[in-house]
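# Coordinate analysis (summary)
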Amino acid sequence: MPFNPRRAAAFLGLLAAIISDAGACTAQTATRVLWNLGARNNSDREFALAPGGYQKYRADGVYVVGRSSDYSTWPYVQPGPQ
């Protein structure tokens, strides 16, 4: 699937709206995680190509919630534009 700048911008806008709306929740609201990518452990070992496979990096990761695996699909590193 080729990179689509308009789709990426729409996704980032939606994500920003969700994050800004999350601040309106009260402390009494229970937290429910819908999905997460990796673990909050300051480690990259659960991601593809970690820890030393940077040279094998070929393309941006594409992660499909419910189908993809952190370990085999999502690279630990996402290089910026050249």
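Please refer to the structure placed before this passage.
Residues numbered from 1 in each chain as written. Predicted model: local features only at pLDDT ≥ 70, side-chain atom pairs only at ≥ 80, totals over all residues. Heavy atoms only, no water.

## Focus: unusual backbone geometry
Backbone torsion omega between Ala-50 and Pro-51 reads -5°, so that peptide bond is classified as cis. Within the secondary structure, Pro-51 is located in the loop between α1 (5-22) and α2 (70-73). Even without being glycine, Asn-42 reaches a positive phi, approximately 55°. Inspection of the secondary structure puts Asn-42 in the loop between α1 and α2. For Asn-42, a relative accessible area of 85% gives the class exposed. Here the phi dihedral of Leu-49 falls at roughly 70°; this positive angle occurs in a residue that is not glycine. (Helix = DSSP H or I, 4+ residues; strand = E, 2+ residues; numbered from the N terminus. Buried < 20%, exposed > 50% of the residue type's maximum accessible area, 1.4 Å probe, protein only.)

## A short note on the packing of aromatic side chains
Counting across every chain of the model gives 1 aromatic pair. Geometrically, the ring pair formed by Trp-35 and Tyr-63 is stacked, given 6.2 Å between the ring centres and 20° between the ring planes. On the criterion of sequence distance, the pair formed by Trp-35 in the loop between α1 and α2 and Tyr-63 in the loop between α1 and α2 is long-range, its members being 28 residues apart. (Phe/Tyr/Trp six-rings, centres within 6.5 Å; stacked < 30°, edge-to-face > 60°.)

## Here's the deal with a nonpolar patch on the surface
Taken together, Phe-11, Leu-12, Leu-15 and Ile-19 make up a surface patch of nonpolar side chains, about 410 Å² in accessible area. Its location among the elements puts Leu-15 in helix α1. (Patch = residues over 30% accessible without salt bridge, like charges linked within 9 Å, V, L, I, M, F, W, Y side chains within 5 Å. Areas by Shrake-Rupley, 256 points an atom, 1.4 Å probe, with all protein chains shown as cover. Salt bridge = Lys/Arg side-chain N within 4 Å of Asp/Glu carboxyl O.)

Geometric values such as these leave the question of function open.
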